[in-house]
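Breakdown of the fold
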Amino acid sequence: MTSSWNRRRFLAAAGAGTLAVAARPLGAQGRSQVVISQPADATTMDPGRSTQVLTVNYFANVYDTLTRWDNTLKLQPALATAWKAVNETTWDVTLRAGVKFHDGLPLTADDVKACYDRILTPGKTVVTAGFATIESVQVQGPTALRLVTKKPDPLIPVRMAQMGGYVYPARLATDEGVKELARKPIGTGAYRFVEWAKDDRLVMDANREWWGWDGKPPAVDRVIWKPIPDDFARLSALQRGEVDVITNVPPDQMKIVRTLTVPATRTVAFAMNATQPPLADKRVRQALHYAMDIQSIVKNLYAGQGRAMSGGVADTDFGYNPALKAYPYEPERARKLLAEAGVAGGIDVALYAGSGTMVNDKQLLEALADMWSKVGIRARVEMVEMASRQKMVNERALPANSLLLINPQSTLLDADGSLWRLLHPTGLNGKYWIGSQPGQRFHDVMEAARYTLDAQKRRELYVEATRIVHEDKPWLELFQEVVLYGASKRVTLKPRADYRLLASELTLAR
């Protein structure tokens, strides 16, 4: 896709009389309001049922976790004010006193236990892999918890901050309760749910009793989230003052609007169902990588905003392996590998993406399909609605010899929260690759790492694991992202490397 083509699309969207966004509503007198636009609506408000970055942004404003990262990615207390290791497998956690849910009921240790018990029950959520080290959660008192792990786990403090660890009332953690939670969330977070008109708006009001305001009034009283799938319509809405903040700014349009950037903890990859031939052969998976010109993709589709990578771990994470370099673009080598695998005549694969997963997602799939066609890899491009994508993820229903665009993001700033969270047997890609199964070297190395208290030893295990990923290519690895937001001059916002867009961190010009 060329820059001139993008500019024509932008001008067309900006001049359209039927732009798909309502005029920005006026707040009530004396009340401040911002409108934030992402390319996709929430798929659910149940934090156990999605790890898609755009949807997690909604969760992060309504719910709290036990610990949290500030905007410098330093771990801080949240619903938990203290935690300590009693012994190698036991952690005592003290909850913040006086916290209330949005419905006015007090937060207790029983609520946290109910949420964590749901997470730890196989099949109830899609985030079990990140909490699988926990054996049990025990209530010691109204504000006292004990976490018992299966083996020594040095990452418990950061596990309590990860996506999926959001806390809601115990009554909403039941099989019936989560149906209500998915539509009308109740948390303890900085903003309380007001209404959700699917694919039009999701409205939140400031929770003035939130513990995190530190006695100061919130800068923004009301937040309206408006999904605008088209990148250029979203840019135009910002320019016209209809929205205040937009995510997923097309990189080649950065000069058109006021842009805020930061290198991300998120990477671009494709989950791959490699359970059957031909993708079951690692030579074929390697061929997919040698037939991709990542440098060209980053330059032409993302204006150079990204870094080619390999090994499955971003450079923001403990366990990043700088010795691994992305496979070079070598079409002839790709053809040779296909021939060695017995498929010299080429192969057929399907490329899936949820519309709005990331900037230029459709163009990315089309670019890959075009590059692969030059070596005999015939790719069918399938853009699907985000709800269909989420269903495919939740049910682990990616068809054989298919790939799905994902944005693997670190939940722990450690390889356990990126690489192992997704390649664990219960993770997104775990059932699709033999290496994730018990008895395989990758599985055993990653399991050993998560229970290793010695940081240097854990790093050595991660080096071995990332080398296996680099060699075996259980998924398609592309590049590490850069966060790109657009913002009006009335808004002050420091973008976060973890992609969390928190209204509590916004301030407004006076």
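The structure reproduced in this document is the subject of the present report.

Criteria and cut-off values
- Residues numbered from 1 in each chain as written.
- Predicted model: local features only at pLDDT ≥ 70, side-chain atom pairs only at ≥ 80, totals over all residues.
- Heavy atoms only, no water.
- Helix = DSSP H or I, 4+ residues; strand = E, 2+ residues; numbered from the N terminus.
- Buried < 20%, exposed > 50% of the residue type's maximum accessible area, 1.4 Å probe, protein only.
- Axes fitted to C-alpha atoms, helices over the stretch in contact; angles between N-to-C directions.
- Parallel < 35°, antiparallel > 145°, perpendicular 65-115°, else oblique.
- Left-handed = near helix turned anticlockwise from the far one by under 90°.
- Contact = heavy atoms within 4.5 Å.
- Nonpolar A, V, L, I, M, F, W, Y, C, P; charged D, E, K, R; others polar.
- Core = buried A, V, L, I, M, F, W, Y, C linked by side-chain atoms within 4.5 Å.
- Expected span 1.5 Å × (residues − 1).

**Let's talk about the environment of Leu428**
- As for its placement among the helices and strands, Leu428 is situated in the loop between helix 12 (419–423) and helix 13 (441–450).
- Of the residues examined, Leu428 reaches a relative accessible area of 12% and is grouped as buried.
- Between the C-alpha atoms of Leu428 and Val298, which are 130 residues apart in sequence, the distance is 25 Å.

**Structural notes on unusual backbone geometry**
- For the peptide bond that leads from Pro277 to Pro278, omega is 5°, which places it in the cis range.
- Of note, Pro278 is situated in the loop between strand 12 (259–272) and helix 7 (282–290).
- For Asp214, which is not a glycine, the phi torsion comes out positive at approximately 55°.
- On the secondary structure map, Asp214 appears in the loop between strand 9 (201–206) and strand 10 (222–225).
- One non-glycine residue, Asn248, adopts positive backbone phi at about 60°.
- Summarising the element assignment, Asn248 is placed in the loop between strand 11 (245–246) and strand 12.

**Quick notes on the packing of helix 13 against helix 14 (residues 455–472)**
- Where helix 13 meets helix 14, the closest approach of the two axes is 9 Å, and the angle between their N-to-C directions is 155°. Viewed along their axes, helix 13 and helix 14 adopt a mutual orientation that is roughly antiparallel. As helix 13 runs across helix 14, the sense of the crossing is left-handed. Contact residues: helix 13 offers Arg441, Phe442, Val445, Met446, Ala448 and Ala449, while helix 14 offers Arg458, Leu461, Tyr462, Glu464, Ala465, Ile468 and Val469.
- For the contact of helix 13 with helix 14, a count of residues per class yields ten nonpolar, no polar and three charged.

**Here we look at the nonpolar core**
- Counting 69 residues, the largest nonpolar core has Leu66 and Tyr191 as its most contacted members.
- The residues contacting Leu66, other than those within four sequence positions of it, are Pro77, Ala78, Leu79, Ala80, Leu95, Val112, Tyr116, Met160 and Val167.
- Counting residues in hydrophobic clusters, the runner-up holds 41 residues, among them Ala291, Ala334, Ala353 and Leu403.

**What to know about helix 3 (residues 109–120)**
- The end-to-end C-alpha separation of helix 3 is 16 Å, in line with the 16 Å expected for twelve residues at 1.5 Å each.
- Turning to helix 3, its buried residues number three or more, namely Ala109, Asp111, Val112, Ala114, Cys115, Tyr116, Arg118 and Ile119.
- On the buried face of helix 3, the contacting elements are strand 5 (90–95), strand 6 (134–141), strand 7 (144–149) and helix 5 (177–181).

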